[in-house]
Amino acid sequence: LLNTFIHYPEPELARLLFHELAHQVVYVKDDTVFNESFATVVEQAGVARWMNTHGSEADRLQYARLQRFRADFRELVMRTRSDLATLYASDIPVDEKRRRKVEAFDALKRAYAAQRQDWGGFAGYDRWFTQPLGNAHLAAVSFYTQQVPAFEALLELQGNDLGRFYAAVRELAVLPVAERNQRLSALQSL
């Protein structure tokens, strides 16, 4: 355990451990979206189970609050990413696209500042926003959630049984990437 997170609240530490341990269960080389989306679903299922056994009411409230902050953060980032995709696909001149890209990142930072106020000053994402942001930062956030709905559907199809879920994920992991993504897309539409 690193000193950077050893003092996290217990539910957050559990979340991190479940997520990272999921990578030891299934890991597909060169498929970050698959790996991170899978680990995100494992972390969510793991924390829910952990909370039922070990979590106090205070833990549940704190964790729910932090989950809301994570969802709000993702929404800000994904909205900006969508806006930029529309911008990049437009026919406007490249110089104008560059100018509007800078404006979009400035708007994202302003939206975060407003969101932070709504959160009562929670500063958990301040470090992320102080770095020079680019498209890669937005993409990295999407890696963790892009296929989450598919994995959630798969877990539910397995009766929320983690052993069966892991077996089903291992079956997906050995498929060629195109077939794996096709199956995940089909699960996402369930």
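Note: the structure precedes this text.
This is a predicted model, so every value here is computed, not measured. (Residues numbered from 1 in each chain as written. Predicted model: local features only at pLDDT ≥ 70, side-chain atom pairs only at ≥ 80, totals over all residues. Heavy atoms only, no water.)

Draft legend 1. Broad picture of the overall build of the protein chain. In terms of regular secondary structure, the protein chain is built from nine helices and zero strands. The N-to-C order of helical and strand elements in the protein chain reads α-α-α-α-α-α-α-α-α. Principal axes of the C-alpha set define a box for the protein chain whose edges measure 50 × 45 × 30 Å. Counting contacts in the protein chain only where the partners sit at least 6 residues apart, residues at least 24 apart contribute 64% of the total. Distance between charge centres in the protein chain, computed from 23 positive and 24 negative side chains, equals 3 Å. (Helix = DSSP H or I, 4+ residues; strand = E, 2+ residues; numbered from the N terminus. Contact = heavy atoms within 4.5 Å. Lys, Arg positive; Asp, Glu negative; His and termini not counted. Charge placed at Lys NZ, Arg CZ, Asp CG, Glu CD.)

Draft legend 2. Region of the structure containing the pattern of salt bridges. Going through the model one piece at a time under the given rule, you end up with twelve salt bridges. Glutamate 12 is paired through a salt bridge with arginine 70; the nearest N and O atoms lie 2.8 Å apart. In this pair, glutamate 12 is assigned in helix H1 (residues 10–25) and arginine 70 in helix H3 (residues 57–89), connecting sequence segments 58 residues apart. Each member of the pair, glutamate 12 as well as arginine 70, is classed as buried. With a closest N to O distance of 3.4 Å, arginine 98 and aspartate 95 form a salt bridge. With arginine 98 and aspartate 95 both in helix H4 (residues 94–118) and three residues apart, the pair spans about one turn of that helix. The pair arginine 98 / aspartate 95 is uniform in exposure class, with both members exposed. Taken together, the salt bridges that share partners define one network made up of Glu12, Arg15, Glu43 and Arg70. (Salt bridge = Lys/Arg side-chain N within 4 Å of Asp/Glu carboxyl O. Buried < 20%, exposed > 50% of the residue type's maximum accessible area, 1.4 Å probe, protein only.)

Draft legend 3. Spatial organisation of the nonpolar core. By size, the foremost hydrophobic cluster in this structure holds 25 residues, and its most contacted members are Phe34, Phe38, Phe151, Leu154, Phe165, Val169 and Leu184. The greatest single-element share of this core, amounting to seven residues, is contributed by helix H8 (residues 162–173). Those residues in contact with phenylalanine 38 that sit more than four places away from it in its chain are Ala22, Val25, Val26, Phe151, Phe165, Tyr166 and Val169. In terms of nonpolar packing, the next biggest core, distinct from the first, is built from 18 residues, Tyr112, Trp119, Phe129 and Leu138 among them. (Core = buried A, V, L, I, M, F, W, Y, C linked by side-chain atoms within 4.5 Å.)

Draft legend 4. Representation of the side chain of glutamine 115 within the structure. Considering the arrangement of structural elements, one finds glutamine 115 in helix H4. Sequence-distant contacts of glutamine 115, defined by excluding residues within four places in its chain, comprise Asp72 and Leu76.

Draft legend 5. Inspection of the side chain of serine 37 at higher detail. Positionally, serine 37 belongs in helix H2 (residues 32–54). Leaving out residues up to four positions away in the same chain, serine 37 has contacts with Phe143, Tyr144, Thr145, Gln146, Gln147, Val148 and Phe151.

Draft legend 6. The arrangement of helix H9 (residues 177–188) in detail. If you check H9, its first and last C-alpha atoms are 16 Å apart, about what twelve residues at 1.5 Å a residue would give, namely 16 Å. Those residues of H9 that fall on the buried side of the exposure criterion are Arg180, Leu184 and Leu187. The arc enclosing the buried residues of H9, seen along the axis, measures out at 55°, which places them on a common side. Relative to its buried face, H9 has exposed residues pointing more than 90 degrees away, namely Ala178 and Gln182. (Expected span 1.5 Å × (residues − 1). Arc of directions from axis to C-beta.)

Draft legend 7. Quick look at the environment of phenylalanine 129. Secondary-structure assignment places phenylalanine 129 in helix H5 (residues 126–130). You can call phenylalanine 129 buried: its relative accessible area is 6%. In this view, phenylalanine 129 contacts Phe73, Leu108, Lys109 and Tyr112; residues no more than four positions away in its chain are not counted.

Draft legend 8. Representation of unusual backbone geometry within the structure. The phi torsion at aspartate 30 lies on the positive side, around 65°, for a residue other than glycine. Among the secondary structure elements, aspartate 30 is positioned in the loop between H1 and H2. With a phi angle near 60°, asparagine 160 is a residue other than glycine that sits in the positive phi range. Position of asparagine 160 among the secondary structure elements: in the loop between helix H7 (148–157) and H8.

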